[in-house]
Amino acid sequence: QNYLDNFWPDLKAAHELFESILQARRERESESQENHGKEYPEHLPLEILEAGIKSGRYLQGTLNVNKHRAQLEAFVRLQGFGGKDTG
């Protein structure tokens, strides 16, 4: 902001852009604090997920995403299934 104030005091669009970015950052920090520092809110509490995995209701695995075609290619490698992949 100091840079804009000192070197571009009349450039209204740059000041508006800066304020917009600053506001978005404040909102993101506020949301992060509401979620206890987590970027994304949990869908289910950890206790329920752990109980579901133990009971067999849920499966635990690793999501692998193709970095070159992320929106088209991904697979889940399930734990405890001998390394077989599930699409």
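Given the structure is predicted, the values throughout are model-derived calculations rather than measurements.

Chemist: Just to check I follow, could you spell out the overall build of the chain for this structure?
Modeler: Of regular secondary structure, the chain possesses 3 helices and 3 strands. When its helices and strands are written in sequence order, the chain yields α-α-α-β-β-β. In the chain, once contacts between residues fewer than 6 apart in sequence are set aside, the share between residues at least 24 apart is 0%. Accessible surface, the chain: about 8,100 Å² in total, of which carbon and sulfur atoms supply 53%.

Chemist: Where do I start with the packing of aromatic side chains in this structure?
Modeler: Remark: the centre distance and the inter-plane angle together describe each pair of aromatic rings, the angle taken between the planes. Here the structure, examined in full by the defined rule, presents 1 aromatic pair. Their ring planes at 40° and their centres at 5.2 Å tell us that Tyr 3 and Phe 7 sit as a pair that is tilted. Of this pair, Tyr 3 and Phe 7 both sit in helix 1 (residues 2-7), separated by 4 residues, roughly a single helical turn. Comparing Tyr 3 with Phe 7 shows no difference in burial state: the two are exposed.

Chemist: Looking at this structure, I do not really get a nonpolar patch on the surface. What am I missing?
Modeler: A surface patch of nonpolar side chains, about 470 Å² in accessible area, is lined by Tyr 3, Phe 7, Trp 8 and Leu 11. Residue class for Phe 7 comes out exposed when judged on its relative accessible area of 58%.

Chemist: Which parts of the structure should I look at to understand the environment of Thr 62?
Modeler: Structurally, Thr 62 is set in strand 1 (residues 61-65). The class for Thr 62 is partly exposed, based on a relative accessible area of 39%. Along the chain, Thr 62 and Gln 79 lie 17 residues apart, while their C-alpha atoms are 7.7 Å from each other. With sequence-adjacent residues up to four places away left out, Thr 62 is seen in contact with Phe 75, Val 76, Arg 77 and Gln 79.

Chemist: How should I be thinking about the confidence of the model for the chain in this particular structure?
Modeler: One rule of thumb: low pLDDT means the predicted coordinates there are not for detailed reading. Taken over all residues, the pLDDT of the chain has a mean of 85, while the share at 70 or more is 83%. Here strand 3 (residues 85-86) stands out as the element of the chain with the lowest mean pLDDT, 48, in contrast to helix 1, whose mean of 94 is the highest.

Chemist: Would you mind showing me how to read the pattern of salt bridges here?
Modeler: Oppositely charged side chains may form a pair once their charged atoms are brought near each other. Scanning the model with the defined rule gives 3 salt bridges in all. Its salt-bridge partner being Glu 73, residue Arg 69 comes within 2.8 Å of it at the nearest N-O pair. Glu 73 gets classed as partly exposed once you look at its relative accessible area, which sits at 32%.

About the thresholds
- Residues numbered from 1 in each chain as written.
- Predicted model: local features only at pLDDT ≥ 70, side-chain atom pairs only at ≥ 80, totals over all residues.
- Heavy atoms only, no water.
- Helix = DSSP H or I, 4+ residues; strand = E, 2+ residues; numbered from the N terminus.
- Contact = heavy atoms within 4.5 Å.
- Areas by Shrake-Rupley, 256 points an atom, 1.4 Å probe, with all protein chains shown as cover.
- Phe/Tyr/Trp six-rings, centres within 6.5 Å; stacked < 30°, edge-to-face > 60°.
- Buried < 20%, exposed > 50% of the residue type's maximum accessible area, 1.4 Å probe, protein only.
- Patch = residues over 30% accessible without salt bridge, like charges linked within 9 Å, V, L, I, M, F, W, Y side chains within 5 Å.
- Salt bridge = Lys/Arg side-chain N within 4 Å of Asp/Glu carboxyl O.
- pLDDT = per-residue confidence, 0-100.

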